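Letter by letter, the chains look like this.
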Amino acid sequence: MTTAPHHSTEQESRKVAEASRQESWEHPSFMRELFLGNFRLDLIHPFPMPGPERPEFAAFYSAFAQFLREQVDSVEIDRTGEYPQHVVDGLRKLGAFGMKIPTKYGGLGFTNAEYQKVMQLLGSVDGNLSALLSAHQSIGVPQPLKLFGSDELKQKYLPRCAKGEISAFALTEPEVGSDPARLATTIELTPDGKHYLLNGVKLWCTNGTLAGLLVVMAKDPKTKKISALVVETAWEGVKIETRCHFMA
């Protein structure tokens with residue numbers, strides 16, 4: 001059973017968007033100040049030059065570059081629309097699914113600058129794999145869990161993600177695009193108060209057909225508050241209906 005989408009007003013949509021903004025900033029941001037009309041040249045000049053690479057990062061980068069050269073056929077991936085299993089397994093073996101996950105959870109613990117350098121290299125070789133790895137580590141389970149998850153959830157899921165269990169993000173719905181104020185998917189406590197009942201349909205979930213874990217956005221029908229939940233695709237009631245093909 002699905003719920004009809006809520007037809008939000010412009011004011012409701014703006015309120016949800018504004019409530020999601022970061023309230024305090026630990027470090028100054030050039031781009032934030034630029035959007036506020038302030039050109040903070042002192043934040044970017046003189047431009048901070050990177051220091052020498054950490055040996056562990058340099059070793060990964062070299063192995064990753066070799067893997068892309070020898071194992072990834074971008075033309076074939078485009079032609080078939082499939083990720084070859086040996087490529088996905090190779091990425092797992094390298095630890096590429098755990099680049100931003102702390103080492104204490106089995107990840108590589110890369111900094112943002114290190115991660116971006118790897119993704120820049122990957123983007124120059126294959127855009128499909130870039131989407132796979134970036135969605136997994138930005139809007140998928142690892143990043144939001146690292147920032148906002150409980151210790152219990154981190155201990156449970158971050159090691160799995162670091163080992164290569166693919167994650168996906170589920171916000172969009174058949175009649176709801178990127179406006180979370182109109183979410184129809186609901187989340188409610190069961191009568192015994194021990195479990196949550198999630199009810200709804202999602203669409204355009206990047207990595208959705210490969211994922212073992214999902215970040216699902218849902219709304220409490222009483223309070224209208226939105227929550228992000230970790231959902232395992234193996235759980236009862238979770239069903240992947242179809243895979244979308246965008247290009248022939």
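Notes on the structure follow. On a predicted model such as this, the values are computed, not experimentally measured, just so you know.

The rules behind each value
- Residues numbered from 1 in each chain as written.
- Predicted model: local features only at pLDDT ≥ 70, side-chain atom pairs only at ≥ 80, totals over all residues.
- Heavy atoms only, no water.
- Phe/Tyr/Trp six-rings, centres within 6.5 Å; stacked < 30°, edge-to-face > 60°.
- Helix = DSSP H or I, 4+ residues; strand = E, 2+ residues; numbered from the N terminus.
- Buried < 20%, exposed > 50% of the residue type's maximum accessible area, 1.4 Å probe, protein only.
- Axes fitted to C-alpha atoms, helices over the stretch in contact; angles between N-to-C directions.
- Parallel < 35°, antiparallel > 145°, perpendicular 65-115°, else oblique.
- Contact = heavy atoms within 4.5 Å.
- Nonpolar A, V, L, I, M, F, W, Y, C, P; charged D, E, K, R; others polar.
- Core = buried A, V, L, I, M, F, W, Y, C linked by side-chain atoms within 4.5 Å.

**Digging into the packing of aromatic side chains**
Overall, the coordinates contain five aromatic pairs when judged by the stated rule. Summarising the aromatic geometry, the rings of F30 and F39 are spaced 5.8 Å apart at their centres and angled 75 degrees between planes, so their arrangement reads as edge-to-face. Note on F60 and F64: the rings are 5.5 Å apart at their centroids and 15 degrees apart in plane angle, and the pair reads as stacked. Taken together, the positions of F60 and F64, both in helix α3 (residues 55–71) and four residues apart, correspond to about one turn of that helix. What makes F60 buried here is its relative accessible area of 7%.

**A look at the packing of α3 against helix α5 (residues 85–94)**
Direction vectors running N to C along α3 and α5 enclose 170 degrees, while the axes themselves pass 11 Å from each other. As judged from the angle between their axes, α3 and α5 are roughly antiparallel. Packed against α3, whose contacting residues are F60, A63, F64, F67 and Q71, the element α5 presents H86, V87, G90, L91 and L94 at the interface. Residues that form the contact of α3 with α5 fall into these classes: seven nonpolar, three polar and no charged.

**Re the nonpolar core**
Counting 33 residues, the largest nonpolar core has F64, L91, M99, L129 and L133 as its most contacted members. In terms of residues, this core owes the most to one element, α3, which gives six residues. Residues contacting L91, with those up to four places away along its chain left out, are F64, F67, A96, F97, L129, L132 and L133. Membership of the second largest hydrophobic core comes to 14 residues, among which are I101, Y105, M217 and V230.

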